[in-house]
Amino acid sequence: WYWQKEKREPYVKFMEANYPPGFSYEDFGPLFTAEFFDPNQWADILKVSGAKYVVLTSKHHEGFTLWGSKYSWNWNAVDVGPKRDLVAELATSVRNRTDLHFGLYHSLFEWFNPFFLEDATNVFKTRKFPTSKSLPELYEIVTKYQPEIIWSDGSGNAPDTYWNSTGFLAWLYNDSPVRDTVVTNDRWGVGSVCTHGGFYTCSDRYNPGHLLPHKWENCMTIDKRSWGYRRNAQLDDYLTIEDLVKQLVETVSCGGNLLMNIGPTHDGRIAVIFEERLRQMGAWLKVNGEAIYGTKPWRAQNDTVTPEVWYTFSPKEGKVNAIFLNWPVSGILDLGEPRAKLGETQVKLIGYEELLKWVALGEKGIAIALPQLTPKQLPCQWGWTLQLTDIN
């Protein structure tokens, strides 16, 4: 897009300097080789990350499908490049080796498809592209791979009527093989974002910092600058595990899910830095998962007295979880929100056996004495959870 459509100078110059004259985007097809793609290894990394669902980009805005689509002749991973059905392979490994729900991202529009460009010129009064390409592909991936999440994207500035989104969704929820399990997002045409959908995505890297009345998802990237893999990325360009835990905690306390993006390489690897972040996230969730999984937002999302404290509520156990990202130097954590009850309220640090001592701070608020632990004794390194029971 930057190179061919917007003709941004750095991109044009890079292509001229590093590729043969007349090199086209299509010439990248055979260079996408995936020779190191091991779906079992991917599934194992995903499992250990603590994730509950995974979404694979089955087709982005340039139209190349990662499955052998009947509607994308000679521009798919089975005919060109890897010569493998990457969607099928990953779906099989995820289902055989993990409990993750398998989802697929699919771009409605395609930047340079002649049918789409023709429809756009006709102000979407004609519907050549959705009827011959986009919709058949959607029916194809649902029937073939039975994804439990359809992550739609890319309206191309066309309304949902052009895409016949309601027609497809009616089939998906009533007659498709995944009708009883599937969930969808909100990107189904102009005007539908943040308004219609099983869960809202609102915008990329969406993290409102306050409670939303509808289920939502923060879809963001570990590489701050890209959704793909960048060979020239610097260490500073990647979010640290501290950054990621903070994103997760803020998102969940405000009623959202976190969808953390990684860009695999052309040869099919999850780069080591991404694997490390996923494994770190899994290590954190192994300790603090009960403050994340199956929780609901509490009446307060973050604390009024101490910054970087976020709340979740575990309805089954009736516990309030206070996740704090900074360990106080004094060893005393003041919380302004909970109303404690003398002789009833109990405070526990997840991953530490003994109950903690606390005092009430008047009508509202509680001061908690944290245990004196060496770095080795800490339950985890990047944020800790206090569980409060019998709180008003």
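Per an unreviewed UniProt entry, the protein chain goes by alpha-L-fucosidase and derives from Fulmarus glacialis. Listed in UniProt under the heading Subunit (unreviewed entry), the comment for the protein chain reads: "Homotetramer."

### A few points about the sheet that holds strand E3 (residues 149–153)
Read across the open sheet, the four strands follow the order E1-E2-E3-E4; overall the sheet is parallel. Edge strands, defined here as strands with exactly one partner in the open sheet, are strand E1 (53–59) and strand E4 (183–184). Bridge count between E3 and E4: two bridges; the pairing is parallel. Following the sheet pairing, Ile149 is matched in E4 by Val183. Along the sheet face, helix H3 (residues 86–97) touches E1 and strand E2 (101–107) and points at about 155° away from the line of E2.

### A word on the state of the cysteines
Evaluation of the coordinates by the stated rule reveals one disulfide. Across the disulfide from Cys194 sits Cys202; the S-S distance is 2.0 Å. Negative torsions about the S-S bond denote left-handed disulfides, and the value of about 70° found for Cys194 with Cys202 makes this one right-handed. Taking relative accessible area as the criterion, Cys194 reaches 32% and is therefore assigned partly exposed. Between Cys219, a cysteine without a disulfide, and Cys202, which holds the nearest cysteine sulfur, the sulfur-to-sulfur distance is 12 Å. Residue classification places Cys219 among the buried positions, given a relative accessible area of 8%. Unpaired in this structure, Cys254 has its nearest cysteine sulfur neighbour in Cys202, at a distance of 13 Å.

Rules used in this analysis
Residues numbered from 1 in each chain as written. Predicted model: local features only at pLDDT ≥ 70, side-chain atom pairs only at ≥ 80, totals over all residues. Heavy atoms only, no water. UniProt positions renumbered as here; feature names shortened; annotations may be inferred. Pairing = 2+ DSSP bridges. Helix = DSSP H or I, 4+ residues; strand = E, 2+ residues; numbered from the N terminus. Contact = heavy atoms within 4.5 Å. Axes fitted to C-alpha atoms, helices over the stretch in contact; angles between N-to-C directions. Disulfide = S-S within 2.5 Å. Buried < 20%, exposed > 50% of the residue type's maximum accessible area, 1.4 Å probe, protein only.

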